[in-house]
Structure formats: C-alpha cells, structure tokens
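Remarks on the overall topology
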Amino acid sequence: MALKATNQDQRRLLTLQEVDTRIVRLTGKLKALPQTKRIDELDTELMRLDRTVLERLGEHDDIGADVARIENDVQTVEARLQRNRDRLPAITDAKVATATEHEIVTLEKRRSDLEDLELEAMQRQEDAAAALAAAREAAHSARSERERLAGERDVEAAGLQGELEQARAERGDRAATVPAELLALYDRQRERYGIGATLLQHRTSTASGVELTSSELHEIRQAGEDDVLLDPNSSAILVRTEESGI
C-alpha cells in the first residue's frame, strides 16, 4: 500500500529538509576550513625543517669537536715546543742539540699547519652556526604561522560547531512533528540520494531544477492530496503546495 500522509505533514518535510541542508553545509564548512589546508602543508614542512635543524645541529657539533681536537693538538705541540726551547740552552752534546733544534723546527711547522687547520675549522664552525641559526629561524617562522592559523581555525570552528549543535537540536524538534513512517521514508531517500524532500514549484522540482513532463504532471493531478509521491528526477518526496501550478 502506498504511503499516505496529510499535506500538512508533508509540508513539514520542507522545513526539515531546510535544516538538514543547513547541517550538511555547516558540516562541510567544518571539514573544509580555509586554514586547514595550509596547516597540513605546514605540518609537512615542519617535519622537513625540524629534520634540517637536527642535521645542521649535528654538523655544527661535529665541526665544534674538530675545532676542540685541533686546539688540543696545538696546545700539545706548544707545550712540547716550549719544553725543547727551555732544554736547548742546557744541552752540551752537539748531536742532541742538533736533534733538538731539528725537532723545534718540525714542531713549529706542525704548529703552523695546525693553526691553519684551526682557522679553516673555525670558519666552517661559523658557517655551520649561521646555517643552524637560519634553519631554526625557518622552523620558528613556520611554527608561528601554524600556531596563528590553528588559533584562527579553532575560533572559526567553535562558531560553526555552535551553529551545528543548534541546527541539530532544531532538527530534532522538527523531526518530532513528522509521522514515523513518513520520517523513515524521508530519511531513507535523503540517505540514498542526498535530498529527502523537494517542493514542486511552478511544475518544477526545486531539488532537480527539472520541469516535470505532461504525463508526470497528469499522474500527480490524479493522486490524492494525502498520497506521498516521489520526484521522478531526484527521488525525493515531492511536496505539493499552492505554488505547484497543478
């Protein structure tokens, strides 16, 4: 048996559809807040930037260890050089004196080479420190932008969530006035096709925007006012009013 419902109950579906459409719109806006895409991009970028910071930090620390090692080598050579210089005046054996003088020359050359290496390492350390500072600044800038956007998103989301909760409460109130069988059909059509009820306005379904054919309109005219009809184009419940033009 075809479902029947008073025209007044069928008209209630239009207001129910209106709030359901609003709920869908608000839910879509919540899922597609304008900040979300950029925040996702920043999350990916921050992973790369944080990894870069760690790499730059490792490079800086490695070079720092090289500088410390070279400085220690310089101090060792300096100490040995000073000992040889202090010993040289007291040496009486000519061969030992010659060997000591030769070692002093060798140590001086070694110290000079180490000092050159130290200067190079210190320059590399300075460059590494600049690269580390730049990496940290880039990460800090991206993180600050993300925090700002997240704050804006949370404020906007809170407002939309409040509207959504209000719409859902309104939906509950409106659904409570619709007979159970009619509501079940409406919900089933809405779940399947996206729209549960549509107004027939000037012979056109507002859901599909398609004007009904003459034969379709003839069938509608033959139906009783309490017959529940489906729009042949959108499959939503077709609600007839004085605007229908039939």
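Look above for the structure.
Below you will find a few notes about this structure. Just so it is clear, the structure is predicted and the values come from calculations on it, not from any experiment.

1. Regarding the nonpolar core
- Leu 13, Leu 16, Leu 182, Tyr 186 and Ile 237 are the most contacted members of the largest nonpolar core, which has 21 residues in total.
- Aside from chain neighbours lying at most four places away, what touches Leu 182 is Leu 3, Ala 5, Asp 9, Gln 10, Leu 13, Val 228 and Ile 237.

2. Topic: the pairing of strand 4 (residues 237–240)
- Burial along strand 4 is two-sided: Ile 237 and Val 239 and Leu 238 and Arg 240, pointing in opposite directions, are all buried.
- Here strand 3 (residues 229–230) runs beside strand 4; their pairing, made up of two bridges, is antiparallel. Across the sheet, the residue bridging to Leu 229 is Leu 238, located in strand 4.
- Linking strand 3 to strand 4, which pair antiparallel, is a turn of six residues; within it Ser 235 sits at a positive phi near 65°.

3. Quick notes on the sheet that holds strand 1 (residues 197–201)
- Taken together, four strands build an open sheet; the order of strands is 2-1-4-3 and the sheet is mixed. The sheet terminates laterally at strand 2 (204–205) and strand 3, the two strands that pair on one side only.
- Strands in contact with helix 1 (residues 7–31) are strand 1 and strand 4; relative to strand 4, the strand with the most contacts, it is inclined by about 115°.

4. A short note on the packing of helix 1 against helix 4 (residues 180–193)
- Direction vectors running N to C along helix 1 and helix 4 enclose 40°, while the axes themselves pass 11 Å from each other. Viewed along their axes, helix 1 and helix 4 adopt a mutual orientation that is oblique. Considering only the axes of helix 1 and helix 4, their crossing is right-handed. Between helix 1, through Asp 9, Gln 10, Leu 13, Leu 16, Gln 17 and Asp 20, and helix 4, the contact on the second element is made entirely by Leu 182, Leu 183, Tyr 186 and Arg 190.
- By residue class, the composition of the contact of helix 1 with helix 4 is five nonpolar, two polar and three charged.

5. A closer look at the environment of Ile 23
- Position of Ile 23 among the secondary structure elements: in helix 1.
- For Ile 23 and Ala 169, which are 146 residues apart along the polypeptide, the C-alpha to C-alpha distance reads 11 Å.
- Setting aside residues no more than four positions away along its own chain, Ile 23 makes contact with Leu 164, Ala 167, Arg 168 and Arg 171.

Cut-off values and rules
- Residues numbered from 1 in each chain as written.
- Predicted model: local features only at pLDDT ≥ 70, side-chain atom pairs only at ≥ 80, totals over all residues.
- Heavy atoms only, no water.
- Core = buried A, V, L, I, M, F, W, Y, C linked by side-chain atoms within 4.5 Å.
- Buried < 20%, exposed > 50% of the residue type's maximum accessible area, 1.4 Å probe, protein only.
- Contact = heavy atoms within 4.5 Å.
- Helix = DSSP H or I, 4+ residues; strand = E, 2+ residues; numbered from the N terminus.
- Pairing = 2+ DSSP bridges.
- Axes fitted to C-alpha atoms, helices over the stretch in contact; angles between N-to-C directions.
- Parallel < 35°, antiparallel > 145°, perpendicular 65-115°, else oblique.
- Left-handed = near helix turned anticlockwise from the far one by under 90°.
- Nonpolar A, V, L, I, M, F, W, Y, C, P; charged D, E, K, R; others polar.

Interpretation in functional terms is not warranted from these geometric data alone.
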